[in-house]
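# Geometric and topological summary
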Amino acid sequence: MERTVQRVELDGGVAVGLDGSPSSLRALEVAAHEANLRSGALHVVRAWSMRTAPRPADCPPGAVPSMDAYQQSVDESTEMIVRDHLGETPPVPIQRHIVHSPSPQALLSASRGADLLVVGHRGRGGFAGLLLGSVAEQCVRHAACPVLVVRPTI
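Since the structure is predicted, the reported quantities are computational estimates derived from the model, not experimental observations.

## Things to note about the overall build of the chain
- Looking only at helices and strands, the chain features four helices and five strands.
- Its helices and strands taken in sequence order, the chain reads β-α-β-α-β-α-β-α-β from the N to the C terminus.
- Its C-alpha atoms give the chain a radius of gyration of 15 Å, near enough to 15 Å, the size a compact globule of 154 residues would have.
- Across the 154 residues of the chain, 45% fall into the buried class.
- Accessible surface for the chain amounts to roughly 8500 Å². Of this, 51% is attributable to carbon and sulfur atoms.
- Of the charged side chains in the chain, 14 are positive and 15 negative; the average position of the first set lies 8 Å away from that of the second.

As C-alpha cells, then:
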C-alpha cells in the first residue's frame with residue numbers, strides 16, 4: 001500500500017498546486033507550458049485532508065477508509081484531472097505529489113526545491129469575490145522560489 005506523505009521535497013522543476021478549481025486547472029496548463037519552456041519536470045502538488053479527499057470507491061458504506069485508501073483515491077483523482085487537461089502524452093515529465101497536509105504547507109515545502117511555483121488566484125473555499133485567496137497569498141508572501149499566480153481564462 002501507499003505511504004501517506006506529509007511534505008514535498010523537490011530538486012528543480014515547476015511545481016503547481018491543484019485542487020480541481022477552475023483557477024487551479026488554468027494554473028496546471030500554465031505550469032505545464034512553463035515546465036516545457038524550461039525543459040524541466042512538472043510537479044503536481046495536491047494537498048488533502050479527510051474532509052476534502054474523495055471517498056474511495058471500493059470502501060463499503062459505513063466503513064471508515066484507511067489513510068492509505070484516501071491517499072490512493074486522491075492520487076487517482078489527480079491523475080484523471082491531469083490527463084483530462086494535459087492529454088495522454090503531455091509534453092513534459094509529470095510527477096504527482098499527493099500530500100496529507102494543509103495546502104499552504106504543502107506548496108511552501110514544494111517551493112523550497114522548485115524553480116517556480118504556479119498557483120491559481122483562488123481555490124475552492126473562501127469568498128467568491130476575493131481577488132487573491134488565502135493559499136495564493138501565503139505562497140506569494142512565503143515561498144522560497146518565484147511564484148506565478150494565474151486566473152482562469154474568461
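Don't stop here, the text continues.
## Observations concerning the pattern of salt bridges
- Tallying each qualifying case throughout the model produces five salt bridges.
- With its nearest N and O atoms 3.5 Å apart, the salt bridge here joins E29 to R26. One end of the pair is E29 and the other is R26, both in helix α1 (residues 22-37) and three residues apart, which spans about a single turn.
- Taking the shortest distance from any N to any O, the salt bridge between E88 and R83 comes out at 3.6 Å.
- Here E88 falls in the exposed class, since its relative accessible area comes to 64%.
- Using a relative accessible area of 31% as the deciding quantity, one classes R83 as partly exposed.

## Observations concerning unusual backbone geometry
- With phi around 55 degrees, S39 is a residue other than glycine that occupies positive phi space.
- With respect to the helices and strands, S39 occurs in the loop between α1 and β2 (42-48).

## Considering a nonpolar patch on the surface
- A cluster of nonpolar side chains, contributed by M50, V64 and M67, occupies part of the molecular surface with about 280 Å² of accessible area.
- Relative to the helices and strands, M67 is located in helix α2 (residues 67-86).
- Given the relative accessible area of 30%, M67 is considered partly exposed.

## Focus: α2
- Compared with the 28 Å implied by 1.5 Å per residue over 20 residues, the 28 Å span of α2 between its first and last C-alpha is a close match.
- Every buried residue of α2 is accounted for by A69, Y70, Q71, S73, V74, D75, T78, I81, V82 and L86.

## Details of the confidence of the model for the chain
- Averaged over every residue, the pLDDT of the chain is 89; residues scoring 70 or more account for 92%.
- In the model of the chain, helix α4 (residues 134-142) stands out as the element of lowest mean pLDDT, 93, in contrast to strand β1 (residues 14-17), which has the highest, 98.

## As for the pairing of strand β3 (residues 94-100)
- In terms of strand pairing, β2 meets β3 through seven bridges, oriented parallel. Paired with V44 across the strands is R96, a residue of β3.
- Once the chain exits β2 it traverses α2 before rejoining the sheet at β3, and the crossover so formed is right-handed.

## With respect to the environment of V30
- Looking at the secondary structure, you find V30 in helix α1.
- Overall, V30 belongs to the buried group, its relative accessible area being 15%.
- For the pair V30 and V16, spaced 14 residues apart in sequence, the C-alpha to C-alpha distance is 9.0 Å.
- If near-sequence neighbours (up to four positions away) are discounted, V30 is found in contact with V118, L148 and V150.

Calculation notes
- Residues numbered from 1 in each chain as written.
- Predicted model: local features only at pLDDT ≥ 70, side-chain atom pairs only at ≥ 80, totals over all residues.
- Heavy atoms only, no water.
- Helix = DSSP H or I, 4+ residues; strand = E, 2+ residues; numbered from the N terminus.
- Rg over C-alpha atoms; globule rule 2.2 N^0.38 Å.
- Buried < 20%, exposed > 50% of the residue type's maximum accessible area, 1.4 Å probe, protein only.
- Areas by Shrake-Rupley, 256 points an atom, 1.4 Å probe, with all protein chains shown as cover.
- Lys, Arg positive; Asp, Glu negative; His and termini not counted.
- Charge placed at Lys NZ, Arg CZ, Asp CG, Glu CD.
- Salt bridge = Lys/Arg side-chain N within 4 Å of Asp/Glu carboxyl O.
- Patch = residues over 30% accessible without salt bridge, like charges linked within 9 Å, V, L, I, M, F, W, Y side chains within 5 Å.
- Expected span 1.5 Å × (residues − 1).
- pLDDT = per-residue confidence, 0-100.
- Pairing = 2+ DSSP bridges.
- Right-handed = clockwise from strand over helix to strand, strands pointing away.
- Contact = heavy atoms within 4.5 Å.

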